[in-house]
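# Tertiary structure, described
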Amino acid sequence: MAEDGLRTGGLSSGLAVILNGGDKRESSSKSRLVSYCDEFGHQSVERTLEHIFDLPYKSIIPLTGPIDTNLIRAIIKNDLVRFHRNLDTLGSNRDGLYIDRSSGSNIVAIDESSICGDIRIIKPPLLLESLGMFSSARANVCVWKGKWMYEVILETSGIQQLGWATLSCPFTDHKGVGDADDSYAFDGKRVSKWNKEAETYGQSWVSGDVIGCCIDLDNDEISFYRNGMSLGVAFNGIRKMGAGGGYYPAISLSQGERCELNFGGRPFKYPIEGFLTLQAPPSANSLATRLLRCLSRLVEMQCTERAEFNSVEKLRRLKRFVPLEELFDPVSRGICKEFFALLDAERGSMEYIGWGSLFSFMMEVFGTQTPHDYSSMNKVLDLFLEFQGSKLILEHVINALSCSCKTASLVLTECPYTGPYPYLALACHMLRREELMLLWWKSSDFEWSFEGFLSRKSPNKQDLQCMMPSVWWPGSCEDVSYESNMMLTTTALSGAISKIEEKHRDLCRLVMQFIPPTMPLQLPGSVFRTFLQNLLLKNRGADRNVPPPGVSSNSVIVSVYTVILHFLSEGFAVGDNCGWMKGCGINAESDVGFLHRGGQQTFPMGLFLKNDPHRSDISRLGGSFSHLSKSNPVTDQEAEVVRWEEGCMDDEETRVTHLTRQQPCCCSNYDVDFTRVLKDPIRHTAKGARGHCSTIPERSAHVAAECSAGTLNDEIADKPSSSDQSEPEFDYRPVQHLMIVPRESNFSTATLREEELLDAMLLLYHIGLAPNFKQASHYMSHQSQSISLLEETDKQIKERACGEQLKHLKEARSIYREEVIDCVRHCAWYRISLFSRWKQRGMYAACMWSVQLLLVLSKMDSIFSYIPEFYVEALVDCFHVLRKSDPPFVPSSLLIKQGLASFYLLKQESILMLLLIIAGGLPFASVGQLGLLFVTFVVTHFNDPRISSADLRDLLLQSISVLVQYKEFMAAFESNVAATQRMPKALLSAFDNRSWIPVTNILLRLCKGSGFGSSKHGESSSSSIVFQILLREACIDDDELFSAFLNRLFNYLSWTMTEFSVSVRDMQEKHRDFSDIFPCNTDRYFSGFSTKEMLEFFRRRGGLRRDCDLINFSSSF
């Protein structure tokens, strides 16, 4: 071969054509032999076939007949099988394993007689879920010598004990794998290994992790792997067992936990060298893999031919090279006929081959990085679909792609085409074919695999360390290069997330456009609606502290929410192809997002009035649906479509809509240097994030959970103004252009409407996004605290540079530094995945749309009661997330300047009231538009008797408690007619057993420093003179209200004094100035409301001797 080659000035008779595989694909890095010519112009076909089938040189005799499929099949049966007969012998020696065949099958499965508790197979072959509190089971196979393994794909990431156990290990409701002798397990939730007792081991696991459970009976060791990476030897010196009495694969799951076991029925995701599968691979696998490798070489040669067209064409003219097009058809068909004949002869091998060699072949042809080889993939699909058995095995490929999306991790060096991206890209390309989309839709696993495609694996601590090796924060002592490295890292990861989300949208768009061939004929969007409804039905209760069994992965909920948010905010980007949009009367060509469309807004009230299965148990503002349908039935006339004009709350001079010259902030052109934000990801945290010491008392346990944007117990001290602009006055304006219209006669209930997507999106936010934002807030708050502790420790080390104390300080510094690094990584991840700019824009627009809808419907008492509670909960949570979002979208000074300049409030009697400006960090200009609406809503409804849930009213009250801490909001409250007319009396009446703490905080803030107790420690005297006057007037004008308030107030004071009387005496012995030790917030009300007004009240009412005594007692402190 060394003598063969291209020569300058001519061609020799033993010409070998070597084509370099430089076609920009990773799989083509080596040179490939295309043809070999013994003599001028002869026998190149034989050498080409030898290369394709990986046969020795001149193993194919000179061919005299035509090249057809029969010839190719003969070569495969005779030459290929003969030369590769002795290969792939791994796994043939399976001594040391016993499978219980009592069921008449050689399949490794769960031994049903071993189950303790309630473990069920929810999807064949081995996807298990525990419905009991703690359930355990063993497989029907045991090993006593050799090296064996099985894999577990985690569907959930809670308490699971995975490992090996003997028959002597007892399973009970409280004990499982690892809780007895000869029983060994790993639990990634508690990061422990178990053998009677727990010891720290391994890493924490996340949903989508693949855990390899390995037992080495030659060396008496058990070890575990996470995504192919060894966690180290967990147990050594395990007891030797005899034949028939070995170690069984065994698992224990707590309630609601799910995992999928793979004993070898499918190829392993991460096979470990030297370890055998418990289930032997099918005998057809070896030959099937060889055939697909031959087809892969054929396809690769064709790609090379296209890449080297000029030189190849020159050789063709000299007749030295056989055109590959003439060979591709017979060779490829011959290979496929043998391949599908092999599958047909061994039907049980189809799943294994589809998940293994065929899946790998298609990924190799398509390419994991761009540019993808769409042309070659199309040829392969065209070829496969000619054969009858292809659809069944392609269904397995689709399911394998879905599973790979669940388990794929982001790899920094492969960004942006990493994680689930390549599998999503191939799936989208395949499903653009109508026959494959129909095949997928008809499969029993359609919704399950759809969820798999929408899954995205979250990183644990070690994953984040790999993705973000360099960490930097302002004021850190790390290497200066870390700052730029971290900026590059976060930019790369952001690009990867963006690519994955783009493919999620492509896939959902394909499903939306698909029209199933059923009778009666369905409309586009019906399949996606069914999936969406079933997803919501499946995830009822997902927002509980302990979710019920069967809920989806959080990443699926987040992905579906993100897809819908992008469609509604940024548009569908499908133009004329999206017929279902046109069917709804939507201008698809303009591709303006529904949330930014402006003009006339509509909402079908039937969404609230239908008792659909996925909505039947959802709490409504007025109570349960069944109760409301009996106590407050709605007439057909009321169950219509409500319409209103955007901006109908404003007069024409101040109106700002999507159709006016001045656009709302979500559609304005304001921008920031986003690179600067990424460069300094910590410096742009939300205002007040470093204030970790709160002076506001803890809230009552009965109060609803805090807004997920962060701790609502921020410092009560005045927040600095985010604007140097003066706030304009507000006033009410009458409602204009609000009307109720009948439902269109041609409206089809089968049409998927954008309002329906908005409704589902808000519920998805409530059950899926809100917990994520709460977790993000936790890390941001903890990051600030850890940085403060680290800086304080550094300061102490400099001041005390010797002795034992220095040693302790350095140890503490090391701990604080690790906490800061971990928090910075988590905060960066949440910032990348949750706070992209288009998502903030969409969230803002969704809040605007929701609050306008709520204000419109609150005018209609019968409909208002039917509104689901999650509308209000999602609005409040999303508002506070935006208020404290990180990084900000525009400088905060623009927020006030654009927000307060143009918006006014309506009269108290009107339901559509615009509210005040949002403060501090909300990343949009003109944000006052949302703030005005939001604050009007909370002021109007925090004490609304139509809202039956006390928790929900507490949530609204808590929002007021947070907002009045900011100067901008305080000024806006004072200018807000709804606030000045409603709040004073509503606050006094809301002071009860449940809400006295948030009401106390609000009253303290309104009256602080103006006779309302003494100002301390440099407290600002800024308060609200307006509300102090209004509170006095409310007390004087309404004797009944004031009397009830004082009675409740004195009861709390009496209770407080009784509870702490003993402690008071003890502290008085040590501290003369008791007011410094026991400041009582409640007694400070008195000076705030003015003793004069109180005495006048007592004079007029009389009979309050005990209360007067109590005032004297309290004032003595």
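This one's a predicted model, so the numbers in the text were calculated from it and none came from an experiment. (Residues numbered from 1 in each chain as written. Predicted model: local features only at pLDDT ≥ 70, side-chain atom pairs only at ≥ 80, totals over all residues. Heavy atoms only, no water.)

Right, let's talk about the overall build of the protein chain for a bit. Scanning the protein chain for helices and strands turns up 36 helices and 21 strands. Classification of the 1117 residues of the protein chain by burial places 58% in the buried group. A fraction of 74% describes how many contacts in the protein chain between residues 6 or more apart in sequence connect residues 24 or more apart. When the accessible area of the protein chain is evaluated, it comes to approximately 46200 Å², of which 50% is carbon and sulfur surface. (Helix = DSSP H or I, 4+ residues; strand = E, 2+ residues; numbered from the N terminus. Buried < 20%, exposed > 50% of the residue type's maximum accessible area, 1.4 Å probe, protein only. Contact = heavy atoms within 4.5 Å. Areas by Shrake-Rupley, 256 points an atom, 1.4 Å probe, with all protein chains shown as cover.)

Strand β20 (residues 641-645) sits mainly inside the fold: 4 of its 5 residues count as buried. By the bridge criterion, 5 bridges tie strand β19 (residues 600-604) to β20 in an arrangement that is antiparallel. Bridge pairing links F603 to V642 in β20. (Pairing = 2+ DSSP bridges.)

Before going further, it helps to spend a moment on the sheet that holds strand β11 (residues 192-195). Strand order in the open sheet made by the 6 strands is β6-β16-β9-β10-β11-β12, with antiparallel pairing throughout. Strands with a single pairing partner mark the edges of an open sheet, and in this sheet they are β6 (134-138) and β12 (197-200). Taking each pair of neighbouring strands and ignoring which way they run, the sheet shows an average axis angle of 20 degrees. With 4 bridges joining them, strand β9 (residues 160-165) and strand β10 (residues 183-187) adopt antiparallel strand pairing. Bridge assignment links L162 to a residue of β10, and that residue is F186. (Axes fitted to C-alpha atoms, helices over the stretch in contact; angles between N-to-C directions.)

This part is about the pattern of salt bridges. Close approach of charged atoms lets side chains of opposite charge pair. Summed over the entire model, instances satisfying the criterion amount to 37 salt bridges. Among the ionic pairs, E338 bridges to K77, the shortest N-O distance being 3.8 Å. Taken together, the residues span a long stretch of sequence, with E338 in helix α5 (residues 324-345) and K77 in helix α2 (residues 69-83) at a distance of 261 residues. Residue E338 is classed as buried on the basis of its relative accessible area, which comes to 10%. D944 is paired through a salt bridge with R946; the nearest N and O atoms lie 3.1 Å apart. Residue class for R946 comes out partly exposed when judged on its relative accessible area of 24%. If you follow the salt bridges from partner to partner, you end up with D209, R226, K457 and D463 in one network. (Salt bridge = Lys/Arg side-chain N within 4 Å of Asp/Glu carboxyl O.)

Under the defined criterion, the tally for this structure stands at 36 aromatic pairs. With centroids separated by 5.0 Å and ring planes inclined at 50 degrees, the aromatic side chains of Y417 and Y421 adopt a geometry described as tilted. In this structure, Y417 and Y421 share a single accessibility class: buried. Aromatic rings pair up to connect F594, F603, F608, W644, W849, F870 and Y871 into one cluster. Taking the ring centre of F235 as reference, the NZ or CZ of K193 above it sits at 5.5 Å. Note that K379 overlies the ring of F328, its terminal NZ or CZ placed 5.0 Å from the centroid. (Phe/Tyr/Trp six-rings, centres within 6.5 Å; stacked < 30°, edge-to-face > 60°. Lys NZ or Arg CZ within 6 Å of the ring centre and 35° of its normal.)

What follows concerns helix α12 (residues 446-453). The buried fraction of α12 amounts to 6 of the 8 residues, a majority that puts the element mostly inside the structure. Among the residues making up α12, those that are buried are F446, S449, F450, E451, G452 and F453. Next to the buried residues of α12 lie α9 (390-407), α10 (421-431), α11 (434-442), α14 (481-513), α15 (526-538) and α16 (554-570).

The residue V233 is located in strand β15 (residues 229-236) in this model. In this structure the C-alpha to C-alpha distance between V233 and Y201, which are 32 residues apart in sequence, comes to 9.4 Å. Ignoring sequence-local partners within four residues, the contact set of V233 consists of Y201, E221, I222 and S223.

Taken together, the side chains of I515, M519 and L521 make up a nonpolar region of the molecular surface, amounting to roughly 380 Å² of accessible area. Checked against the element boundaries, I515 lands in the loop between α14 and α15. (Patch = residues over 30% accessible without salt bridge, like charges linked within 9 Å, V, L, I, M, F, W, Y side chains within 5 Å.)

The subject of this paragraph is the environment of M430. Position of M430 among the secondary structure elements: in helix α10. Those residues in contact with M430 that lie beyond four places of it in its chain are M362, L381, L394, V397, I398, L401 and L436.

Moving on, we come to the packing of α12 against α15. Direction vectors running N to C along α12 and α15 enclose 85 degrees, while the axes themselves pass 11 Å from each other. Comparing their axes, α15 and α12 come out roughly perpendicular. For the pair α12 and α15, the contacting residues are F446, E447, W448, F450 and E451 in the first and V527, F528, T530, F531, N534, L535 and K538 in the second. Classifying every residue of the contact of α12 with α15 by side-chain character gives 7 nonpolar, 2 polar and 3 charged. (Parallel < 35°, antiparallel > 145°, perpendicular 65-115°, else oblique. Nonpolar A, V, L, I, M, F, W, Y, C, P; charged D, E, K, R; others polar.)

F53, F973 and M983 are the most contacted members of the largest nonpolar core, which totals 230 residues. Tallying contributions element by element places helix α21 (residues 754-799) first for this core, with 17 residues. Core analysis: the second largest hydrophobic core is formed by 41 residues, V108, I119, W205 and L253 among them. (Core = buried A, V, L, I, M, F, W, Y, C linked by side-chain atoms within 4.5 Å.)

Structurally, the position occupied by Q160 is in strand β9. Q160 gets classed as buried once you look at its relative accessible area, which sits at 0%. At a separation of 3.2 Å, a polar atom in the side chain of Q160 contacts the main-chain carbonyl oxygen of T156. Apart from residues lying up to four places away in sequence, Q160 is in contact with L154, F186, D187, W205, S252, L253, E257, R258 and C259. (Polar contact = N/O pair within 3.5 Å; in protein donor to acceptor, adjacent residues only side chain to side chain.)

Attention now moves to unusual backbone geometry. For the peptide bond that leads from C415 to P416, omega is 5 degrees, which places it in the cis range. By the element assignment, P416 lies in the loop between α9 and α10. One non-glycine residue, K196, adopts positive backbone phi at about 75 degrees. Here K196 shows up in the loop between β11 and β12. Its identity is not glycine, yet N227 carries a phi of approximately 55 degrees, on the positive side. Turning to its location among the elements, N227 is positioned in the loop between β14 (221-226) and β15.

With that settled, consider the confidence of the model for the protein chain. The predicted coordinates should not be examined in detail at positions where pLDDT is low. On average, the protein chain scores 78 in pLDDT, and the residues at 70 or more come to 72%. This stretch, residues 314-321, has a pLDDT under 50; its non-local contacts, to residues over four places away or in other chains, come to 20 contacts. Confidence over residues 575-580 falls short of pLDDT 50; this stretch has 10 contacts with residues more than four positions distant or in other chains. (pLDDT = per-residue confidence, 0-100.)

The subject of this paragraph is the packing of α21 against helix α22 (residues 803-834). Where α21 contacts α22, the two axes come as close as 8 Å, and the packing angle between them is 150 degrees. It follows from the interaxial angle that α21 and α22 lie roughly antiparallel. Considering how the two elements wind past one another, α21 and α22 form a crossing that is left-handed. Residue composition of the contact of α21 with α22, grouped by class: 18 nonpolar, 8 polar and 6 charged. (Left-handed = near helix turned anticlockwise from the far one by under 90°.)

Now for the pairing of β9. Where burial is concerned, most of β9 is hidden: 6 out of the 6 residues are buried. Along β9, one buried face is formed by Q160, L162 and W164 and the opposite face, lined by Q161, G163 and A165, is buried too. Both β9 and strand β16 (residues 248-254) contribute to a ladder of 6 bridges, which runs antiparallel. Residue pairing across strands places L162 opposite I251, the latter belonging to β16.

So, on to the environment of R883. Summarising the element assignment, R883 is placed in helix α25 (residues 869-883). Residue class for R883 comes out buried when judged on its relative accessible area of 3%. With 48 residues separating them along the chain, R883 and G931 place their C-alpha atoms 9.3 Å apart. Among the polar contacts listed, one links the side chain of R883 to the side chain of H880, at a separation of 3.1 Å.

Examined against the element boundaries, D373 turns out to sit in the loop between α7 (357-366) and α8 (374-384). For D373, a relative accessible area of 7% translates into the label buried. A distance of 2.7 Å separates a polar atom in the side chain of D373 from a polar atom in the side chain of S376.

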